[in-house]
Amino acid sequence: MLSNKKTIILFDGVCNLCNASVNFVIKHDKKRHFLFTSLQSDAGQQLLLQSNGKKYLNSMDSIILIDNSTIYTKSTALIKIAKKLKFPFFLLQIFIVIPKFIRDYIYDLIAKNRYRWFGKKDHCAIPKKEDLARFL
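What you are looking at is a predicted structure, and each value in this text was computed from that prediction instead of being measured.

I would appreciate a short explanation of the sheet that holds strand β2 (residues 34-38) in the present structure.
Picture the strands of a sheet paired through backbone hydrogen bonds; they go either parallel or antiparallel. Taken in spatial order, the four strands line up as β2-β1-β3-β4 in an open sheet, and their pairing is mixed. Edge strands, defined here as strands with exactly one partner in the open sheet, are β2 and β4 (70-73). On average, each strand axis in the sheet is inclined to that of its neighbour by 20 degrees, with strand direction left out of account. Sheet topology note: the strand β1 (residues 7-11)/β2 ladder contains five bridges and is parallel. Opposite Leu10, over in β2, you have Thr37 as the bridge partner. Running at roughly 110 degrees to β2, helix α2 (residues 42-50) makes contact with β1, β2 and β3 (64-67) of the sheet.

In structure tokens form, the structure reads like this:
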């Protein structure tokens, strides 16, 4: 179904913060490392099943990164994504030195409040025409 060379980002398709984050990654991913799909989509659910990510099927509160069949979530996924972006954003990978439980605590706090702070759409956003090929 997918090229082994692509890394897939699964995100909450109705979350304004998540959609803005995807647009940010698209803008700064000049080497086009990433493909995208929403967690709510059939493609997203199928990817999780194929990648032994069954426990994340109903998890809409975490960004999920699938890279070479390895699943990363929450703050670790964000750091792995930043690592593949252009300067200066790849420097954010330095946050890997902060213990995961601290990084994920902050991530969970934002995730828990994301709809209240940033809003929510009624349905998944439709990508721009020029970005359609990057969405599953």
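Moving on from the coordinates now.
When you look at the side chain of Arg114 in this model, what are you seeing that I'm missing?
Within the secondary structure, Arg114 is located in helix α4 (residues 100-118). Classification of Arg114 as buried rests on a relative accessible area of 8%. Discounting residues that sit within four places of it in the chain, Arg114 has contacts with Asp12, Cys15, Leu17, Cys18, Met60, Asp61 and Gly119.

Which parts of the structure should I look at to understand the packing of helix α3 (residues 74-83) against α4?
Between two packed helices, what matters for the description is the angle formed by their axes and the separation of those axes. It is the contact of α3 with α4, at a shortest axis distance of 7 Å, that shows an interaxial angle of 95 degrees. Here α3 is positioned roughly perpendicular relative to α4, judged by the angle of their axes. Contact residues: Lys74, Ser75, Thr76, Leu78 and Ile79 in α3; Lys100, Arg103, Asp104, Tyr107 and Asp108 in α4.

How do you make sense of the pairing of β4 when you look at a structure like this?
Regular strands have side chains that alternate between both faces of the sheet. The sheet contact formed by β3 and β4 spans four bridges and is antiparallel. Within the sheet, the bridge partner assigned to Asp67 lies in β4 and is Thr70. Here β3 folds back onto β4, and the loop between the two strands holds two residues, one of which, Asn68, carries a positive phi near 50 degrees.

Before we go on, may I ask you to explain a positive patch on the surface in this structure?
On the surface, a cluster of positive charge is contributed by Lys27, Lys30, Lys86 and Lys128. If you trace the backbone, Lys86 turns up in the loop between α3 and α4. We classify Lys86 as partly exposed; its relative accessible area is 35%.

Conventions used here
The residue numbering used here restarts from 1 in each chain and proceeds along that chain's sequence as written. Totals for whole chains, interfaces and linings use all residues, but because this is a predicted model, local features are given only for residues with pLDDT of at least 70 and pairs of side-chain atoms are given and counted only at 80 or more. Computation of side-chain values covers all heavy atoms of the structure but excludes hydrogens and water. For two strands to be treated as a pair, DSSP must find at least two bridges joining them. In this text, helices come from DSSP runs of H or I with a minimum length of four residues, and strands from runs of E with a minimum of two, each type numbered from the N-terminal end. For helices, the axis comes from a line fit to the C-alpha atoms of the stretch in contact; other axes are also lines fit to C-alpha atoms, and the angle between any two N-to-C directions lies between 0 and 180 degrees. Throughout, a residue-residue contact means that at least one pair of heavy atoms, one from each residue, lies within 4.5 Å. Exposed residues in this analysis have more than 50% of their type's maximum accessible area, buried residues have under 20%, and partly exposed residues fall in between, with area computed by a 1.4 Å probe over protein chains only. Here the word oblique covers every angle except those under 35 degrees (roughly parallel), over 145 (roughly antiparallel) and from 65 to 115 (roughly perpendicular). Note that patches include only residues with greater than 30% relative accessible area and no salt bridge, and the join distances are 9 Å for like charges and 5 Å for nonpolar side chains (Val, Leu, Ile, Met, Phe, Trp, Tyr). The Shrake-Rupley method, run with a 1.4 Å probe, gives the accessible areas here. Residue values count only the displayed protein chains as cover. Between Lys or Arg on one side and Asp or Glu on the other, a salt bridge is scored when a side-chain nitrogen of the former is within 4 Å of a carboxyl oxygen of the latter. Positive charges come from Lys and Arg alone, negative charges from Asp and Glu alone, with His and the N- and C-terminal ends not counted. Note that the charge is assigned to NZ on lysines, CZ on arginines, CG on aspartates and CD on glutamates.

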